[in-house]
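Overview (structure and organization)
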Amino acid sequence: MGGEAGKRAAAEAAAALVEAGSVIGVGTGSTVNHFIDALPGRDCRGAVSSSEASSARLRELGIPVLDANEVDGLALYVDGADEVNRHLQMIKGGGGALTREKIVAAMSDRFVCIVDAAKRVGVLGAFPLPVEVIPMARSFIGRELARLGGRPVLREGFTTDNGNLILDVHGLEIAEPIRLERALNDLPGVVTNGLFALRPADLLLVGSEGGVERVE
Ligand code: 5RP
C-alpha cells in the first residue's frame, strides 16, 4: 500500500484528530483531497483553506470556508508535502499553494503532515524547490538562485492564487534547511519559498503497507 492508498490512510488518520465544533486549517494537494473527503460527519465547524482548489472541494462537501482574517488562530492544520526529513522539515509547493500554506501553518498550534512513504527523504532537495516570486523580480531572483547553486526553471503557464510566478529550483542538496529558508526569504521579490524548516510539522503521519506510522 504505497501511493494513493498510503495517502488515503494517512489522511483518514488525520481526520480522526479533528475535534467536533472546531475550525481547522486545510492544505492543498491530492493527499489533502483525501483528508477533505473524510471530513463530512466529523462536525467540523469550518476551515481556513490554503488554495482556491481546496476551498472549492470543501464547499462542495458543505464545509464552510472562512477567511483567515476572521479567526484568531487555529488549533490544527493538516497538509501534505513533497518531501519530509526526520526533523519533520519539508519541501512543499508542488501544487503552487506554498504562500497560503505557510501563512495557515504559521497561524496554527499544531501542524499535522500527511504523506505516503515515498515522500520521506534523508536530505531535502531531490524534489525541485518551489519559490514564488513577484513577476518583476523573476530574472533577478533566477540569477540569485543560480548563485546559490541551484538551477531555477520557470513553471510554464502557471500563475499562483496570488498572481505570482513559481521558479522550481533543481539541483539543490539542502544540508541546512533553516539557513537556506532564511537566505531565500531575504531576497527582494521572493514572496515565499517552499522550505518549511523554520516552522516544521509537529506530527507526521506516513501511510504505507504497514498502516500509518506516527512520527513526532
Ligand atoms: C501543494 C503542496 C502539497 O502539499 C504537496 O505538493 C504534496 O502534494 P500531493 O499530496 O498531491 O502529493 O505543497 O502546494
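Residues numbered from 1 in each chain as written. Predicted model: local features only at pLDDT ≥ 70, side-chain atom pairs only at ≥ 80, totals over all residues. Heavy atoms only, no water.

So, on to the overall build of the chain. Within the chain, the secondary structure is distributed over six helices and 13 strands. For the chain, whose C-alpha radius of gyration is 17 Å, the value lies close to the compact-globule estimate of 17 Å for 216 residues. For the chain, the spread of C-alpha atoms along the three principal axes comes to 50 × 40 × 30 Å. Across the 216 residues of the chain, 51% fall into the buried class. Positive and negative charge centroids in the chain, built from 22 and 29 side chains respectively, lie 3 Å apart. (Helix = DSSP H or I, 4+ residues; strand = E, 2+ residues; numbered from the N terminus. Rg over C-alpha atoms; globule rule 2.2 N^0.38 Å. Buried < 20%, exposed > 50% of the residue type's maximum accessible area, 1.4 Å probe, protein only. Lys, Arg positive; Asp, Glu negative; His and termini not counted. Charge placed at Lys NZ, Arg CZ, Asp CG, Glu CD.)

What follows deals with the site of the ligand. Taken together, 17 residues lie around the ligand, and S30, T31, D82, G93 and K119 are the ones closest in. Taking K7, its side chain carries an N or O atom lying 3.4 Å from an oxygen atom of the ligand. Side-chain polar atom of S30 to an oxygen atom of the ligand: 2.5 Å apart, as the coordinates give it. Broken down by class, the residue content of the shell around the ligand amounts to two nonpolar, nine polar and six charged. (Near = heavy atom within 4 Å. Polar contact = N/O pair within 3.5 Å; in protein donor to acceptor, adjacent residues only side chain to side chain. Nonpolar A, V, L, I, M, F, W, Y, C, P; charged D, E, K, R; others polar.)

Let us now look at the packing of aromatic side chains. Within this structure, the stated rule accounts for one aromatic pair. Both rings, one in Y77 and one in F111, keep their centres 5.0 Å apart while their planes meet at 65°; by these two values the pair is edge-to-face. Of this pair, Y77 sits in strand β3 (residues 74-79) while F111 is found in strand β6 (residues 108-116), placing the two residues 34 residues apart along the sequence. The same class applies to Y77 and to F111, which are both buried. Just above the ring of F196 sits the side chain of K102; from NZ or CZ to the centre is 5.1 Å. Directly above the ring of F158 sits R155, whose terminal nitrogen or CZ lies 5.2 Å from the centroid. (Phe/Tyr/Trp six-rings, centres within 6.5 Å; stacked < 30°, edge-to-face > 60°. Lys NZ or Arg CZ within 6 Å of the ring centre and 35° of its normal.)

Here the focus is the side chain of S108. Along the polypeptide, S108 turns up in strand β6. Since its relative accessible area comes to 7%, S108 is described here as buried. In contact with S108, not counting residues within four places along its chain, are L74, L76, Y77 and R199. (Contact = heavy atoms within 4.5 Å.)

Further remarks concern the environment of G25. Looking at the secondary structure, you find G25 in strand β1 (residues 23-26). The class for G25 is buried, based on a relative accessible area of 0%. Residues G25 and V78, 53 residues apart in the sequence, show an inter-C-alpha distance of 6.3 Å. Not counting residues up to four positions away in its chain, the partners in contact with G25 are V48, L74, L76, Y77, V78 and V104.

Worth remembering: the numbers are spatial, not functional.
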